Amino acid sequence: MEQVITYILSFLQGPDRKEASLVCKIWYLASQDCQFKKKLTYRFPASSVSLDGIRCLGRYPCYSVAISHLDSSSFSKAILQQVALHLGPRLESLSLRGSSITESSFLAVAPHLPALCRLDLSRCDSLFMSGTLLSKEESRQAVGAALGNLEELDLSSLRFLSDLTFNRLTGCLPNLRRLSLAGCHIAFQIDPYRGSSAGYDSTAMLSLKNLHRFLSERALSLKGLNLGRTGMTPEALRSLVEVRGLCLEELTLQGCKELTDQAMAALWKWQPGLKTLDLSFCTELSDKTLLAISSNLKELQCLNLAKNRRITDSGLLDLMELKCLQSLDFSECSNVSGGELVKGLCSPVAQARLVSLSFNSCTLITDLTMFSLAQLLGPSLRVLDLTSCLYLTDLSMRAIATYLPGLVVLRLGWCKEISDWGLLGLEEPTKECKPDKEKDDKGPKFSCNFGNMGFFSPPKKYLEEKPRRVTKQDLVEFREREGASLLALRDLQELNLTACTKLTDASITQVLRFQDLRTLSLSTLSEITDSSLVSVASHCRGLTHLNLSHCPKLTDHGLSIAARSLHRLQHLHLSCCDKITDRSLALLAEECKALKSLDVSMCKEVSMAAVKLLQSQLPSLESIHTIFVGGADLSFTL
């Protein structure tokens with residue numbers, strides 16, 4: 001019986017499975033199966049309440065824990081000791097990100113985690129500041145005996161990481177497969193503290209020579225490397241990727257602005273087996289890099305080229321020949337229009353099956369491109385980001401709803417031409433919405449009337465023309481026929497409609513009905529009222545993130561009704577909602593017990609007294625933004 005229930009629960013999302021576990025003891029035991037627990041991460045702040053939670057978790061399988069707000073106190077050390085005592089033997093992942101722990105606190109837990117596979121020490125500056133971490137032989141032996149199975153280590157954004165501490169720590173991890181040094185200071189040539197060439201044993205800096213030595217020793221086992229934001233130079237990159245025997249599968253070079261097309265040539269030559277490559281914000285790269293990727297990285301699955309404004313359509317055609325390619329990110333590549341991507345997908349040699357595609361802030365994307373892409377990509381696409389593609393209209397929305405039914409994430413923020421008609425899947429009676437129309441658009445048309453100096457008729461002014469309002473008769477037509485409305489995307493878990501200012505209650509109340517929806521943004525929709533909020537809450541009860549900022553027509557009445565259905569809500573944004581008052585905060589304290597963050601900035605009718613009362617009533621509330629609450633004067637005098 002329990003096995004049958006476990007199988008049924010495997011089809012549910014985490015929050016739904018949690019609710020189902022409350023049915024009876026048998027359902028609860030089924031929900032504690034190992035296959036579910038391995039996907040969960042338990043997050044604890046350093047508090048006395050966390051001690052009880054850690055002890056309780058010791059009775060059940062627990063595989064991943066993240067602890068925040070740890071410091072150098074004896075209390076923080078006691079928390080880590082409890083983790084070692086109650087969770088240590090089974091724990092596979094531990095995150096201490098941003099903590100201010102000391103070496104004694106680290107040694108209180110590390111030697112007791114024999115099953116640990118992932119360790120996050122990013123931004124733990126206090127642990128490395130003294131330079132004495134694992135300086136004693138007995139400490140290294142104890143840590144090495146316990147962490148022999150560790151495969152992933154995150155040392156991102158450490159200001160005090162040196163050759164000595166790096167060597168001591170990695171020396172205890174013989175099976176390391178993935179290493180992150182993103183944001184760390186690496187001395188590529190000169191040790192600034194010694195004034196000489198950076199060697200292997202610097203006590204103040206992590207040197208390129210030492211990193212090269214490490215890669216040489218671990219060449220056969222290391223598969224993933226993150227060197228983003230390290231200021232990597234072309235010469236340094238060449239020396240690292242040419243290490244004999246090194247076969248990387250994942251490489252991140254985000255924000256390494258000195259890298260050029262010529263510098264990347266060594267990467268294609270020595271690391272042809274790359275499956276994940278992040279070159280975002282490498283601003284000197286051009287289409288030559290894209291062409292080289294298409295020719296050399298035949299096993300590539302994920303490619304990130306965000307914020308590379310020298311990238312154009314020229315290199316996109318051949319990318320579609322990569323049979324393993326699943327994810328493409330061209331965010332803020334302002335010269336990409338997607339036309340060559342369409343041609344590549346139409347090519348008889350195209351083999352790519354994209355699962356994720358991002359055109360965030362690619363303002364050259366048009367309806368014709370999006371209509372073609374939607375037809376070619378089909379049901380396999382799961383994530384689509386079209387944020388700030390300003391000229392997309394209702395035609396694109398209907399194409400998405402018709403041809404991309406498998407979407408899980410859809411971001412349309414700041415697509416201001418999308419209106420109620422697009423979401424409802426209806427054609428606005430006053431317009432012709434045909435994709436081929438764009439082909440005939442030759443721009444301004446000359447007039448024969450020279451008398452009034454009207455030499456040409458101006459083109460349409462985008463973002464200014466308002467659509468005809470949806471009437472009750474239109475909604476009757478919508479209910480009677482199955483159109484290409486947003487309702488077709490039944491698997492949606494994240495939807496962003498920020499600043500789609502033509503949207504009103506007419507569409508929001510009809511199509512936002514997704515049981516699995518977890519994240520929703522309706523920010524800056526000035527026309528929506530309480531009707532939209534109540535409808536969303538009643539049909540999307542699984543919401544954990546909800547953004548309603550800058551929605552001036554929302555009131556306490558709507559929020560009071562909606563809160564009764566949003567018991568799983570964890571993050572709520574209400575900034576600049578002028579009609580929200582202290583009453584709403586009191587209702588949130590009663591109905592939304594899981595709330596972790598709240599933004600009521602610039603809410604004129606909210607007082608600091610109500611905010612403090614809410615904090616005292618909701619111990620889970622970790623963050624609350626209260627800038628200029630209570631009608632504070634926003635004017636400044638010099």
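Residues numbered from 1 in each chain as written. Predicted model: local features only at pLDDT ≥ 70, side-chain atom pairs only at ≥ 80, totals over all residues. Heavy atoms only, no water.

- If you check an unreviewed UniProt entry, the chain appears there as F-box/LRR-repeat protein 2 from Huso huso.

## A few points about the pairing of strand 1 (residues 42–45)
- Here strand 1 shows a buried face lined by Y42 and F44 and an unburied face lined by R43 and P45.
- One ladder, built from four bridges, connects strand 1 with strand 2 (residues 64–68); its direction is parallel. Bridged to F44 within strand 2 is I67.
- Taking the sense of rotation as the criterion, the β-α-β connection linking strand 1, helix 5 (residues 48–57) and strand 2 turns out right-handed. (Buried < 20%, exposed > 50% of the residue type's maximum accessible area, 1.4 Å probe, protein only. Helix = DSSP H or I, 4+ residues; strand = E, 2+ residues; numbered from the N terminus. Pairing = 2+ DSSP bridges. Right-handed = clockwise from strand over helix to strand, strands pointing away.)

## Side note on the nonpolar core
- Counting 177 residues, the largest nonpolar core has L155, L277, L319, F359 and L410 as its most contacted members.
- Residues in contact with L155, not counting those within four places in the same chain, are L121, S122, F128, L161, F166, L169, L179, S180, L181 and C184.
- Counting residues in hydrophobic clusters, the runner-up holds five residues, among them L9, A20, A30 and F36. (Core = buried A, V, L, I, M, F, W, Y, C linked by side-chain atoms within 4.5 Å. Contact = heavy atoms within 4.5 Å.)

## What to know about the side chain of D505
- Structurally, D505 is set in helix 20 (residues 505–511).
- Within the buried set, D505 has no salt-bridge partner at all; the shortest N-O distance to an opposite charge, 7.5 Å, is to K553.
- The residues touching D505, leaving out its near neighbours within four places in the chain, are E527, I528, T529, S531 and S532. (Lys, Arg positive; Asp, Glu negative; His and termini not counted. Salt bridge = Lys/Arg side-chain N within 4 Å of Asp/Glu carboxyl O.)

## Examining the pairing of strand 2
- Strand 2 sits mainly inside the fold: four of its five residues count as buried.
- With three bridges joining them, strand 2 and strand 3 (residues 93–95) adopt parallel strand pairing. Counted as the bridge partner of A66 is S95 from strand 3.

## Description of the pattern of salt bridges
- Across all of its chains, the model carries 14 salt bridges by this definition.
- The closest approach of N and O atoms between K343 and E340, which form a salt bridge, is 3.3 Å. Of this pair, K343 and E340 both sit in helix 15 (residues 339–346), separated by three residues, roughly a single helical turn.
- Across the pair R411 and D385 runs a salt bridge whose closest N-O atoms are separated by 3.6 Å. Taken as a pair, R411 in strand 18 (residues 409–411) and D385 in strand 17 (residues 383–385) lie far apart in primary sequence, 26 residues in all.
- Overall, the relative accessible area of 24% leaves R411 in the partly exposed class.
- One salt-bridge network, in which partners are shared between bridges, spans D16, R518 and R568.

## Overview of the packing of aromatic side chains
- A complete count under the given rule lists four aromatic pairs for this structure.
- Each ring, one from Y7 and one from F11, has its centre 5.1 Å from the other, and the planes form 90°; the classification is edge-to-face.
- The exposure class of Y7 is exposed, given its relative accessible area of 55%.
- Seen in terms of ring centroids, F166 and F214 are 5.2 Å apart; in terms of plane orientation they differ by 75°. Their pairing is edge-to-face. Remark: F214 occurs in helix 11 (residues 208–217) and F166 occurs in helix 10 (residues 163–171); sequence separation between them is 48 residues.
- In this arrangement the basic side chain of K307 is found over the ring face of F281, its NZ or CZ atom lying 5.4 Å from the centre. (Phe/Tyr/Trp six-rings, centres within 6.5 Å; stacked < 30°, edge-to-face > 60°. Lys NZ or Arg CZ within 6 Å of the ring centre and 35° of its normal.)

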